Amino acid sequence: MTLDIADEFFEDSFAIFNIIDTSIKNAGFIMIGVAMLHMLRHKHNLIKQINQEMAEKELLQKKLQFEAYHDPLTALGNRRACFELFETQQETHSHLYYFDLDNFKTANDKHGHLVGDNILKLFAHAISKEFGADNCFRLGGDEFVAFGASIPITEQWREQLLNESQAFFCGGKYWVCRTARKRIC
Ligand SMILES: Nc1nc2c(ncn2[C@@H]2O[C@H](COP(=O)(O)OP(=O)(O)OP(=O)(O)O)[C@@H](O)[C@H]2O)c(=O)[nH]1
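Residues numbered from 1 in each chain as written. Predicted model: local features only at pLDDT ≥ 70, side-chain atom pairs only at ≥ 80, totals over all residues. Heavy atoms only, no water.

1. Things to note about the packing of aromatic side chains
Logical step 1: If you walk through the whole model with that rule in mind, you get 7 aromatic pairs.
Logical step 2: Their ring planes at 65° and their centres at 5.1 Å tell us that F123 and F144 sit as a pair that is edge-to-face. Of this pair, F123 sits in helix 4 (residues 113-131) while F144 sits in strand 3 (residues 143-148), and the two are 21 residues apart along the sequence.
Logical step 3: Aromatic ring contacts, followed pair by pair, group Y97, F99, F123, F131 and F144 into a single cluster. (Phe/Tyr/Trp six-rings, centres within 6.5 Å; stacked < 30°, edge-to-face > 60°. Helix = DSSP H or I, 4+ residues; strand = E, 2+ residues; numbered from the N terminus.)

Below, the structure written as structure tokens:
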């Protein structure tokens, strides 16, 4: 009889201990789960941040590369680009055109540098339309170079190129020469 009572007592106590023990274990699992989730979220944010920084770096690198090889005013290739691409341009184009605007200094002095800048942009746009922007370069000041095919040069063509800049009495001269294009057999 005494034994029975003791058995019941221990049975009940164990049941309570069991419940407490399971609860503690469950709470432990939940805490570990929450901590792991937190860690994963932190890692996810870190990877996102690294990816973003890498994308920004890549963009910056592309921007720097563009700036190193382009004229900021006209967005044409600059002197460095022209020299570095000279061989390739020679191989793919039969003629080289060199342009130098006339009276540009006078136009600058008379109408101001903003108008002067605009003349350069208009001329860059005109030759880009004729030869393709990738084949045109601004060497500096009012000097430009373009690579292209042989074009029947007429007074009309010349006027067309200088159309808008002529409004400021700014003309232009050009020289054309054959490139040393290699024949592809
Ligand atoms: N507005 C403007 N002017 C520039 C720029 N770069 C150079 N210049 C000016 O361009 C002028 C070029 O002068 P010149 O080479 O004598 O040109 P020009 O008056 O056409 O004379 P020729 O070429 O001998 O016919 C200079 O006054 C420079 O200050 C630019 O980016 N913008």
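2. Description of the packing of helix 3 (residues 104-111) against helix 4
Logical step 1: Running from N to C, helix 3 and helix 4 point in directions that differ by 140°, and their axes come no closer than 6 Å. By the criterion of interaxial angle, the relationship of helix 3 to helix 4 is oblique. On the side of helix 3, the interface is formed by F104, A107, N108 and H111, while helix 4 contributes H113, V115, G116, I119 and L120.
Logical step 2: Within the contact of helix 3 with helix 4, the residues separate by chemical class into 5 nonpolar, 4 polar and no charged. (Axes fitted to C-alpha atoms, helices over the stretch in contact; angles between N-to-C directions. Parallel < 35°, antiparallel > 145°, perpendicular 65-115°, else oblique. Contact = heavy atoms within 4.5 Å. Nonpolar A, V, L, I, M, F, W, Y, C, P; charged D, E, K, R; others polar.)

3. A look at the nonpolar core
Logical step 1: Core analysis: the biggest nonpolar cluster contains 20 residues, and F99, F123, I127, F131 and F144 have the highest contact counts within it.
Logical step 2: Elements with a contribution of two residues or more to this core: strand 1 (95-101), helix 3, helix 4, strand 3 and helix 5 (155-162).
Logical step 3: In terms of residue count, the dominant contributor to this core is helix 4 (7 residues). (Core = buried A, V, L, I, M, F, W, Y, C linked by side-chain atoms within 4.5 Å. Buried < 20%, exposed > 50% of the residue type's maximum accessible area, 1.4 Å probe, protein only.)

4. Describing the pattern of salt bridges
Logical step 1: The full count for this structure, using the stated rule, is 4 salt bridges.
Logical step 2: Put simply, K25 and D21 hold a salt bridge, and the shortest N to O gap is 3.2 Å. Remark: D21 and K25 occur in helix 1 (residues 2-69); sequence separation between them is 4 residues, near one turn of the helix.
Logical step 3: Overall, the relative accessible area of 35% leaves D21 in the partly exposed class.
Logical step 4: Between D71 and R138 there is a salt bridge whose closest N-O contact spans 3.1 Å. Taken together, the residues span a long stretch of sequence, with D71 in the loop between helix 1 and helix 2 (79-92) and R138 in strand 2 (residues 136-140) at a distance of 67 residues.
Logical step 5: Using a relative accessible area of 10% as the deciding quantity, one classes D71 as buried. (Salt bridge = Lys/Arg side-chain N within 4 Å of Asp/Glu carboxyl O.)

5. Structural notes on the UniProt feature "transmembrane region" (unreviewed entry) in the protein
Logical step 1: Per the UniProt record, "transmembrane region" (unreviewed entry) is found at residues 15-40.
Logical step 2: A distance of 37 Å separates the end C-alpha atoms of residues 15-40, which is 100% helix and 0% strand. (UniProt positions renumbered as here; feature names shortened; annotations may be inferred.)

6. Structural notes on the pairing of strand 2
Logical step 1: With 4 of its 5 residues buried, strand 2 lies for the most part within the structure.
Logical step 2: The sheet contact formed by strand 2 and strand 3 spans 4 bridges and is antiparallel. Opposite G140, over in strand 3, you have E143 as the bridge partner.
Logical step 3: Taken together, strand 2 and the strand that follows it, strand 3, pair antiparallel across an intervening segment of 2 residues, in which G141 is found at a positive phi of about 50°. (Pairing = 2+ DSSP bridges.)

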